[in-house]
Every structure is written in structure tokens, then in C-alpha cells.
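# Report on the structure
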Amino acid sequence: MEWREQSSVSCEEAYSEAQRWIEAVTKKKFGSKDFRSALENGVLLCELINKIKPGVVKRVNRLPTPIAGLDNLNVFLKACGKLGLKEAQLFHPGDLQDLSSRVTVKDQETSRRLKNVLITIYWLGRRAQCDCFYDGPYLNFKAFEGLLGTALYKVNSQKCVLSISFMKHELNFLVDSRNGRTRNPLL
């Protein structure tokens, strides 16, 4: 995954926005847990993606074991792929592991891994906003500019608007053809 160097302030803004969005969509709070701890078992992420696209995750493993958490993270990542996210936009399941007890792992490595998770949340939020059937809360993409870069934000905003516009035209065409009219709204 690509991310650019940024200040800790811009990263904190992205963490706060990702948390706000996940809590708004799932209607569940992180509670006293930090960003990594709240997501490490994959339950909240599976619930998030099921709110965006109901039924895309068939089962969530609620056992309090590391293997169950890893299973949930893999199910979430596979569901992201079904929604159209590319492999390069997805974090690795190990990115949410607790590395605090490992003396050889530096804070920079933990930070890099969590940034990968933020990037996946960003792309999932983009995908949700571009889905004409999703009517839930939107992710504030501007909070991620420091993480991803302004240019990426602007390019993808234009793509999303075009995608939404095209989908609306497709829906109008389907509605018109069901009413007996075969008008093509793109002409």
C-alpha cells in the first residue's frame, strides 16, 4: 500500500474519522478500546461491511480467540474484494495484531501497519459512497488527505461523481424500460 509521510496530527484526524464512520454505520461504539484493539477481532469490521452490503458476510465468528479474529479479518477482506476493492487497497490480517509485547518491533512498524488499515477503511468508504443502494453515513475523505495525499483525493472524487452519475442514468433507463418506454437517458 502506498501512503505518504505526514504529521501525527493528520494521522490522528484519519483515525478519528475512521472511528466515527465505523461507529455511525454499525451503531456500535469502540468503547474504551483504541483503534487497533477495537478492530483486531474482526467482528466490528464484518458488521461494518454487512451494513454497507447486507449479507456479504454470512457468518461472524464471535469466539474470543486469536484464530477466530483472524478468520473474521479474512472474511472481511474477502468481502471487500467482492465489493470491488483491489488487493493493493487491502491491509494484511497481521496488520491488526498486537505487537506491543514484542521487543523487536518498533513503534514505526506498528504505525505503518495501522496506516494500512486506515487505507482500507478509506477505500471501503469510497466504495460505499459510490454504491447507489447504500444510504448510510458517509466517510469524510478530507480527513485522509494527509495520509494519502491531496492529488489522490481529488482524482478519486471525480471518479466517484462520474460513477454515481452513470449509475443514476442506468437506473433511470431500467425504470423507463419497465414502464414500457425504452428511452436511453445517456443520449
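Data block above holds the structure.
These figures come from a predicted structure and were not determined experimentally. (Residues numbered from 1 in each chain as written. Predicted model: local features only at pLDDT ≥ 70, side-chain atom pairs only at ≥ 80, totals over all residues. Heavy atoms only, no water.)

## Description of the overall build of the chain
The criterion, for reference: Comment: elements are numbered from the N terminus, with helices defined as DSSP H or I runs of at least four residues and strands as E runs of at least two. A 1.4 Å probe rolled over the protein chains alone gives each residue an accessible area, and that area as a share of the maximum for its type sets the label: buried under 20%, exposed over 50%, partly exposed in between. Between two residues, a contact is recorded if the distance between any of their heavy atoms is within 4.5 Å.
Helices and strands together make up the secondary structure of the chain, namely seven helices and zero strands. The order of α-helices and β-strands along the chain, N terminus first, is α-α-α-α-α-α-α. Looking at the chain as a whole, 43% of its 187 residues are labelled buried. A sequence separation of at least 24 residues applies to 64% of the contacts in the chain between residues at least 6 apart.

## Quick word on the environment of Lys-115
Structurally, Lys-115 is set in helix α5 (residues 107-130). Considered as a pair, Lys-115 and Ala-14 are 101 residues apart in the sequence and their alpha carbons are 9.2 Å apart.

## Some thoughts on the pattern of salt bridges
Quick note on the threshold: Put simply, a salt bridge is a Lys or Arg side-chain nitrogen that is within 4 Å of an Asp or Glu carboxyl oxygen.
Across all of its chains, the model carries seven salt bridges by this definition. The salt bridge involving Arg-62 is made with Glu-47; its shortest N-O contact spans 3.0 Å. Remark: Glu-47 occurs in helix α3 (residues 43-52) and Arg-62 occurs in the loop between α3 and α4 (66-82); sequence separation between them is 15 residues. In this structure, Lys-142 and Glu-145 form a salt bridge, with 3.3 Å as the shortest nitrogen-oxygen distance. The class of Lys-142 is partly exposed, set by a relative accessible area of 48%. Among the residues examined, Glu-145 registers a relative accessible area of 15% and is labelled buried.

## Digging into the environment of Lys-78
Tracing the sequence through the fold places Lys-78 in helix α4. Taking relative accessible area as the criterion, Lys-78 reaches 59% and is therefore assigned exposed. Through-space distance from the C-alpha of Lys-78 to that of Leu-90 is 9.5 Å; in sequence the pair is twelve residues apart.

## Focus: the packing of aromatic side chains
Geometrically, a pair of aromatic rings is defined through the distance of the ring centres and the angle of the planes. Note the threshold: Centre distance within 6.5 Å is the pairing criterion for rings of Phe, Tyr and Trp, where only the six-membered ring of Trp is used; planes under 30 degrees apart are then read as stacked, over 60 as edge-to-face, and the remainder as tilted. Working rule: Lys NZ or Arg CZ, within 6 Å of ring centre, within 35 degrees of ring normal, means a charge sits over the ring.
Per the stated rule, a full pass over the model turns up seven aromatic pairs. With 6.1 Å between their ring centres and 25 degrees between their planes, Phe-76 and Phe-91 make a pair best called stacked. Of this pair, Phe-76 sits in helix α4 while Phe-91 sits in the loop between α4 and α5, placing them 15 residues apart in sequence. Just as Phe-76 is buried, Phe-91 falls in that class too. An aromatic cluster of at least three residues, connected via ring pairs, comprises Tyr-122, Trp-123, Phe-141 and Phe-144. Looking at Arg-126, its charged tip hangs above the ring of Phe-141, at a distance of 4.0 Å from the centre.

## A short note on the nonpolar core
Using the following cut-off: Buried Ala, Val, Leu, Ile, Met, Phe, Trp, Tyr and Cys residues that are joined via side-chain atoms within 4.5 Å together make up what is termed a nonpolar core.
Counting 45 residues, the largest nonpolar core has Trp-21, Leu-124 and Phe-144 as the members making the most contacts within it. Of all the secondary-structure elements, those providing two or more residues to this core are α1 (8-26), α2 (35-39), α3, α4, α5 and α6 (145-148). Among the elements that take part in this core, α5 stands out by supplying nine residues, more than any other.

## A few points about the packing of α3 against α4
Rules: The axes are straight lines fitted to the C-alpha atoms, using for helices just the contacting stretch, and the angles between their N-to-C directions are given from 0 to 180°. Reported orientations rely on four angle classes, namely roughly parallel under 35 degrees, roughly antiparallel over 145, roughly perpendicular from 65 to 115, and oblique for the rest. Crossing handedness is read from the near helix: turned anticlockwise from the far helix by less than a right angle, it gives a left-handed crossing, and turned clockwise, a right-handed one. Lys, Arg, Asp and Glu make up the charged group, whereas Ala, Val, Leu, Ile, Met, Phe, Trp, Tyr, Cys and Pro make up the nonpolar group; the residues left over, Gly among them, are polar.
Interaxial distance between α3 and α4 falls to 8 Å at its minimum, and their mutual angle equals 25 degrees. With respect to α4, the element α3 is oriented roughly parallel. Between α3 and α4 lies a crossing of left-handed hand. The segment α3 lies against α4, with Val-43, Leu-45, Cys-46 and Ile-49 engaging Asn-72, Leu-73, Val-75, Phe-76, Ala-79 and Cys-80. When the residues that make up the contact of α3 with α4 are grouped by side-chain class, the tally is nine nonpolar, one polar and no charged.

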